[in-house]
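Now for the letters of each chain:
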Amino acid sequence: MTQSHVPDMRPNTLRQSVGLVDRLCTDDEMLDYILEAESSRQSLERYAFELNRQVGESAKATREAEMSAQGKSDFLAMMSHEMRTPLNGIIGMTSLLESKTMDEAQHECVEVIRRSGETLLAIIDDVLDFSKIEAGCLRLENTDFDPARAVLDAMKIVERSAAAKSLTLSSQLDPALPPLVSGDVMRLRQILLNLLSNAVKFTAKGEVVARAELRSANSGGFELYFSIADSGIGIAEEQQSHLFQPFSQADASIARMFGGTGLGLAISKRLAGLMGGTIGVESRLGAGSRFWFTIRVAAPAVPPLQPEPQTVAASPAKGLRLLLVEDNPINRKVALLMLQKLGYQVDVANDGAEALQAAAATRYDLILMDCVMPVVDGFEATRRLRAAGGYSAEVPILAMTANAFADDRKACLAAGMNDFLSKPVRQSELATKLDGLLQSAACPLTR
């Protein structure tokens, strides 16, 4: 078969390549062509100028947005600190009072104060978290954690409330769950606690069941599924679509009867989305509810080791000498009473400068350091202690501060502190943190 001839249509002269016929062009035609080319060049210059202007305006708007977001973040951090500081006094003092011998009427009064303080703290946390998310200032952390343990830890927090209503609280944990993943365990626990608290709140009798399972796994990580089912009041179908909107509850009577800001589910939805997942609900009025959500987590940075039998270390002997660094007189009194009740000998410093002087004169087993203080703040005091070397570089330092955001925790660890405890401080949490630091092989004990 012979190949058909395809004519060469390419121009063979410069004039043809620019649209001129293969003939002698007139002066008028050449002038028109030159004028048209010049007009095109000027148009391109105008387009380039306008594009550069828009790029400049966009960069300026981006800088202004970043400054605005930083301003909102700073404002939220300040508000968190200022509101948590008095709450620490309220909740701390009531927890100390509850341990004393009181008659029934006195105990009831103290219990009302404690519950009111805890409720106010939950509202403050919700409002600040939602504002931080809306401002684009919420950053997720990545740490290795056990997802099954995260569920059990969240359940432990609501055990008391469930027991008070004689509810059965149980869990169903998939054996295929990875023992260790990498993600933001604090935000995962926050979603779980929101859903568990709602389940207990809206269930008068019956049970609350927490479930966790592995949905999928690949080289990039895992998709985890969680659900909280209850036998409570349920939600009408027409009201379910509004549940995850800010400041929304099923109806006005729910807010009057059970209270709440209506922010918990909206925050949970945003957090699940930030972690690569979604959230939903299945419910029938009068027949209970099942809230579920998914998240994506990465494989752990370090593969989990096979557990080895270990002997549980005994709690460190009390009578150890601690230094409490706190400028607020009420919070100082609360912490001092808690520490003395736990059996520790405690010296007090009113600011970072006094702490440096005290640490130079006495070898403490541990230092509890507030962060925001006059003269020398906790961050600077910690940096100076670590830079001094010797005992000062090794003494465990626990940040005990009203700064409660993840960035604040990072700042504490970056300054050289060993751990972080946000106010309001519960005595049980304080005891756990102290025991953990004092039992650590890397931390000095009595000398």
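Read on for an overview of the structure.

### Brief notes about the packing of aromatic side chains
- Evaluation of the coordinates by the stated rule reveals 3 aromatic pairs.
- Ring plane angle 20 degrees and centroid distance 6.4 Å describe the contact between Y225 and W292, whose orientation is recorded as stacked. One end of the pair, Y225, is in strand β5 (residues 221-230); the other, W292, is in strand β7 (residues 289-297), with 67 residues separating them in the sequence.
- A relative accessible area of 6% places Y225 in the buried class.
- For W292, a relative accessible area of 21% puts it in the partly exposed group.

### Looking at the sheet that holds strand β2 (residues 168-173)
- Spatial ordering of the open sheet is given by β2-β4-β5-β7-β6, a layout of 5 strands whose pairing is mixed. Each edge of the sheet is formed by a strand with only one pairing partner; in this case those strands are β2 and β6 (279-283). For this sheet, the mean angle separating the axes of adjacent strands, direction not counted, is 15 degrees.
- Sheet topology note: the β5/β7 ladder contains 9 bridges and is antiparallel. Looking at β7, one finds that D230 is bridged to S289.
- Sheet strands in contact with helix α5 (residues 185-201) are β2, β4 (207-218), β5 and β7, and its direction is about 15 degrees off that of β5.

### Points about the pattern of salt bridges
- A full pass over the atoms with the stated rule returns 13 salt bridges.
- R383 serves as the salt-bridge partner of E380, at 3.4 Å between the closest nitrogen and oxygen. Of this pair, E380 and R383 both sit in helix α11 (residues 378-388), separated by 3 residues, roughly a single helical turn.
- Residues joined by salt bridges that share partners form a network here, namely R149, D153 and R189.

### Re the state of the cysteines
- The full count for this structure, using the stated rule, is 0 disulfides.
- The closest cysteine sulfur to the non-disulfide-bonded C371 is located on C412, 3.6 Å from its own sulfur.

### Quick word on a negative patch on the surface
- Judged by side-chain charge, D27, D28, D32 and E36 come together as a negatively charged surface patch.
- Look at D28 and you get exposed, because its relative accessible area is 57%.

### Concerning the packing of helix α10 (residues 352-361) against α11
- Where α10 contacts α11, the two axes come as close as 9 Å, and the packing angle between them is 25 degrees. For the element pair α10 / α11, the angle class is roughly parallel. Crossing hand, α10 versus α11: right-handed. Mapping the contact onto sequence places G352, L356 and A359 in α10 and A381, R384 and L385 in α11.

Cut-offs applied
Residues numbered from 1 in each chain as written. Predicted model: local features only at pLDDT ≥ 70, side-chain atom pairs only at ≥ 80, totals over all residues. Heavy atoms only, no water. Phe/Tyr/Trp six-rings, centres within 6.5 Å; stacked < 30°, edge-to-face > 60°. Helix = DSSP H or I, 4+ residues; strand = E, 2+ residues; numbered from the N terminus. Buried < 20%, exposed > 50% of the residue type's maximum accessible area, 1.4 Å probe, protein only. Pairing = 2+ DSSP bridges. Axes fitted to C-alpha atoms, helices over the stretch in contact; angles between N-to-C directions. Contact = heavy atoms within 4.5 Å. Salt bridge = Lys/Arg side-chain N within 4 Å of Asp/Glu carboxyl O. Disulfide = S-S within 2.5 Å. Patch = residues over 30% accessible without salt bridge, like charges linked within 9 Å, V, L, I, M, F, W, Y side chains within 5 Å. Areas by Shrake-Rupley, 256 points an atom, 1.4 Å probe, with all protein chains shown as cover. Lys, Arg positive; Asp, Glu negative; His and termini not counted. Charge placed at Lys NZ, Arg CZ, Asp CG, Glu CD. Parallel < 35°, antiparallel > 145°, perpendicular 65-115°, else oblique. Left-handed = near helix turned anticlockwise from the far one by under 90°.

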